[in-house]
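Observations on the three-dimensional arrangement
In case you want the letters, here they are:
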Amino acid sequence: MREKIEPGLPVNLWGMDFDYGTVLVSVLCALILILISALVTRRLTLVPGKWQVVLEGVVGAFDGMAQEAFGEKRGRKFLPLIGTLFLFILLANVIGVVPVPRLEIGGEVYEDLNGNGHFDGGEPFTDAAWGEKGRRDGGFLLPAWEEPTKNLNVPVGLAIFFLLVAHVSAVRVRGVWSYLKSYGDPLFFMAPLNLVSKLAGAVSVSFRLFGNIFGGAVIMIVVSNLLASVGIPVALAGFFGLFVGVIQAFVFATLNMTYIALEVPETD
Amino acid sequence: MDLEAVKFLAPQITKAAAFLGAGLCMGIGAIGAAVGEGFVAGKACEAISRRPDVYNDLFRTMIVGQAISESTGIYSLVIAIILIFVA
Amino acid sequence: MPDTEFLVTVAAYLGAGYAVGMGALGPAVGPGYTAGLAQEGMSRQVMRQGAIFRMMVLGQALSQTAGVLALVIGFVLIFARGGGEGLDKAAALLGAGFSVGTAAVGVGIGNGLSTGMACAAAARHPKHFGGIQQAMLVGTAVSQSTGIYAFVISLLLILYS
C-alpha cells in the first residue's frame, strides 16, 4: 500500500538544506515590492494618487527617523536600506493572511475498485481529484503559503546581516582603532559586557520578530482545531497577521536602524 | 525508591511537569500584561480628558502601546501551548 | 540507581514555564508604564506627537529585550536542551529557567520606568529630543546588563552542565 505523500523535498544545495517554501515566498515578496515601486514611480505627479501617498508616507516617516538618528547626510545614505527592510518585513508578515490552499500536482490516483478498503495490486488509476476517489501517489506537493518570517532563519539571517552592516560601517567611518576603543567605554573592563550586549541586541531583535509571528501562527492552528467556528479564527488572523505584523515590522526596522546609529557616530 | 514504580511513573511525572510548567507560565505571564495595559488605559483616559480634540491620535497610541505590551503575554501563551500539546 | 532521565525533562519543562512566565511579567509592566507616560506627554505636547510616539515604540521594544531572551531560553529548554541525565543536569536546567525568568522582572520594570520618563521629558522639552533619546538608549543598554548576565548564565547552565 503506497500512501506516502512526499512533503516536497527540502532542496539541498552545496550541503545546506533550504526550505524552498520560505525561499519562494520571500522572493515573491521582493518581486511584489519591486513591481509596486516600479509602477508607482513611473508616473510621479505633484498631486499624488493613492498609492503614491502611501509610499510617500512611508518614505517620509523613515527619512525623518533616519535623519534624527544619523544626521542629515548619512541619514539619506542609510534610508533605502532601512526603508526596504521595513517594507519587506511588512509584506512578509502580512502575506500569511491570504488563505491559499495547499495544492498537489502530478502523480497518479488509485481507485479502490473492489471496495475492501485498500488498494490491491492491478487496480486501475483515474485522474480523479485528490481525495475523491482514492489516494494520490507520487505527486509533488507545492509548498504551503506561509509567512517567511515564520521560519527562524529569516529573522536571524536579517539580524546577522544588519549586525554586520552596523559594525562594518562603524569601522569604515571611525577607523579600526577608534572602533575597538569604543568597546572600552565607559570603563575598560566592561569590554566583554559591551560585546555581549551588542550580540544580545541582535538576538533579541530577531527573536522578537520570530516569536510574535511564529506565535501568531501557532495560536491560529490551535484555535482553528479547537473551535468549530469561522469568524473567530478570521478575526484572530486579522489581529495577528495585520496588526502585530505591522508593529513588529516597524519595531524591527527601527531597532536595527538604532543599533547601526549607535555604532556610527553622528559628528563627522 | 522502588525501581519499577519509578519506571512506571516517569512518563506521567514528565507530563505532569509539562502541565505545571504551562500553568506557571501563563499564570504569571498574564499578570504583567494585565498590569501594563491597564496602566496604559488609565493614562489614556487622563490624556483624553486633558485634550479631547486629539482623541484619535491618543486612542491609536493606546492601542499600539497595549499591543506591544501584549507581546510578552503572547510569548507566555505560545510556550504554554507548546508545553501542553507538544511536550 | 533508578533511571533519572525523566527528571531532566521534568526540570526542563518547569524551568521553561517559570522562565517565560516571569519573563513576561516585568517586560509587560514596564512597556505599559512607558506607553502611559508617553500618552500623557502627547496630550501635553500635541505638536510632537509623531516623535514621542516613535520614542515610545522604541523604548517599549527595548524594555522587552529581557522578555525575548527569556523566550529564547524557554525554546532552548523545551526543544534543544541536549541529552544528559542525572540530578545535577536537572537542577542546572531548573536554575537556568529561574535565572533568566527572575532577572527579566527587574530589567523589564526598570527599563520601562526609564523609557516612560524619557517620553515625558521629551514632551516637556521637545528641543532636546535628540539628547533625551541618546540618554534613553545608553541608559537602557546599561541597565539591561544584568538581564544579559542572566541570559549568559542560563546558556552556560544549559550547555555546560
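This structure is a prediction, so every number in the text was calculated from the model and none was measured.

So, the overall build of chain C
Along chain C, the regular secondary structure elements total six helices and zero strands. Relative to the compact-globule value of 15 Å for 161 residues, chain C shows a C-alpha radius of gyration of 19 Å, a clear excess of over 25%. By its C-alpha atoms, chain C is 70 × 20 × 20 Å across when sized along the principal axes. The buried share of chain C, reckoned over its 161 residues, is 67%. Once local pairs closer than 6 in sequence are excluded, the contacts in chain C between residues at least 24 apart make up 90%.

Some words on the overall build of chain A
Secondary structure summary: chain A contains seven helices and seven strands in total. Burial analysis of chain A (268 residues in total) assigns 30% to the buried set. Expressed as a percentage of contacts within chain A between residues at least 6 apart in sequence, the contacts between residues at least 24 apart total 71%.

Thoughts on helix α4 (residues 87-124) of chain C
Residues and elements named next belong to chain C. Here α4 is 38 residues long and its end C-alpha atoms lie 56 Å apart, about the 56 Å a rise of 1.5 Å per residue gives. Of all the bends in α4, the greatest, near 25 degrees, is centred on Ala104. Counting buried residues in α4 gives 27 out of 38 residues, a clear majority hidden from the surface.

Quick look at helix α2 (residues 50-70) of chain A
With 21 residues, α2(A) ought to run about 30 Å at 1.5 Å a step, and its terminal C-alpha atoms sit 30 Å apart, in line with that. Those residues of α2(A) that sit buried are Phe62(A), Met65(A), Ala66(A), Ala69(A) and Phe70(A). Looking straight down α2(A), one finds its buried side chains confined to an arc of 115 degrees; they lie on one side. Exposed and facing more than 90 degrees away from the buried side of α2(A) are Lys50(A), Val53(A), Gly57(A) and Gly60(A). Packed against the buried residues of α2(A) are α3 (72-94) and α7 (231-263) of chain A together with α2 (49-63) of chain C. Where α2(A) terminates, the next one or two residues include Gly71(A), which has phi positive at roughly 95 degrees.

As for the environment of Val35(B)
Among the secondary structure elements, Val35(B) is positioned in helix α1 (residues 3-50). Among the residues examined, Val35(B) registers 17 C-beta atoms within 10 Å and is labelled partly exposed. A C-alpha to C-alpha distance of 47 Å links Val35(B) and Glu4(B), two positions 31 residues apart in sequence. Apart from residues no more than four positions distant in its own chain, Val35(B) is found in contact with Val29(C) and Gly32(C).

Let's talk about the interface of chain B and chain C
Residue-level contacts link 52 residues of chain B with 43 residues of chain C. Mapped onto the side of chain B that touches chain C, the elements with two or more residues apiece are α1 and α2 (55-86) of chain B. Grouping the amino acids of the side of chain B that touches chain C by side-chain chemistry returns 30 nonpolar, 15 polar and seven charged.

Quick notes on the packing of α2(C) against helix α5 (residues 129-143) of chain C
All names here are of chain C. As a packed pair, α2 and α5 sit with axes 11 Å apart at the nearest point and diverge in direction by 5 degrees. Put simply, α2 runs roughly parallel to α5. Counted together, Ala51, Met55, Gly59, Leu62 and Ser63 of α2 and Phe129, Gln133, Met136 and Thr140 of α5 form the full contact between these two elements. Looking at side-chain class alone, the contact of α2 with α5 contains five nonpolar, four polar and no charged residues.

What about the interface of chain C and chain A?
Each partner contributes to the interface: chain C provides 17 residues, whereas chain A provides 17 residues. Only α2, α3 (65-79), α5 and α6 (145-160) of chain C provide two or more residues apiece to the side of chain C that touches chain A. Looking at the side of chain C that touches chain A residue by residue, the classes come out as twelve nonpolar, four polar and one charged.

Considerations on the confidence of the model for chain A
All names here are of chain A. Per-residue pLDDT for chain A has a mean of 77; in total, 76% of the residues score no lower than 70. Low pLDDT, under 50, characterises residues 1-8; the predicted model gives this stretch ten contacts beyond four residues in sequence or across chains. Counted against residues more than four places away or in other chains, residues 127-133, with its pLDDT under 50, gives nine contacts.

A closer look at the packing of α1(B) against helix α1 (residues 5-44) of chain C
Where α1(B) contacts α1(C), the two axes come as close as 8 Å, and the packing angle between them is 5 degrees. One element, α1(B), and the other, α1(C), form an angle in the roughly parallel class. Here the contact of α1(B) with α1(C) is composed, by residue class, of 35 nonpolar, 15 polar and five charged.

Conventions used here
Residues numbered from 1 in each chain as written. Chains lettered and ligands numbered in written order. Predicted model: local features only at pLDDT ≥ 70, side-chain atom pairs only at ≥ 80, totals over all residues. Helix = DSSP H or I, 4+ residues; strand = E, 2+ residues; numbered from the N terminus. Rg over C-alpha atoms; globule rule 2.2 N^0.38 Å. Buried ≥ 20, exposed ≤ 12 C-beta atoms within 10 Å, placed from the backbone. Contact = placed C-beta atoms within 7 Å. Expected span 1.5 Å × (residues − 1). Bend = angle between axes of the 7 residues up to and from the residue. Arc of directions from axis to C-beta. Nonpolar A, V, L, I, M, F, W, Y, C, P; charged D, E, K, R; others polar. Axes fitted to C-alpha atoms, helices over the stretch in contact; angles between N-to-C directions. Parallel < 35°, antiparallel > 145°, perpendicular 65-115°, else oblique. pLDDT = per-residue confidence, 0-100.

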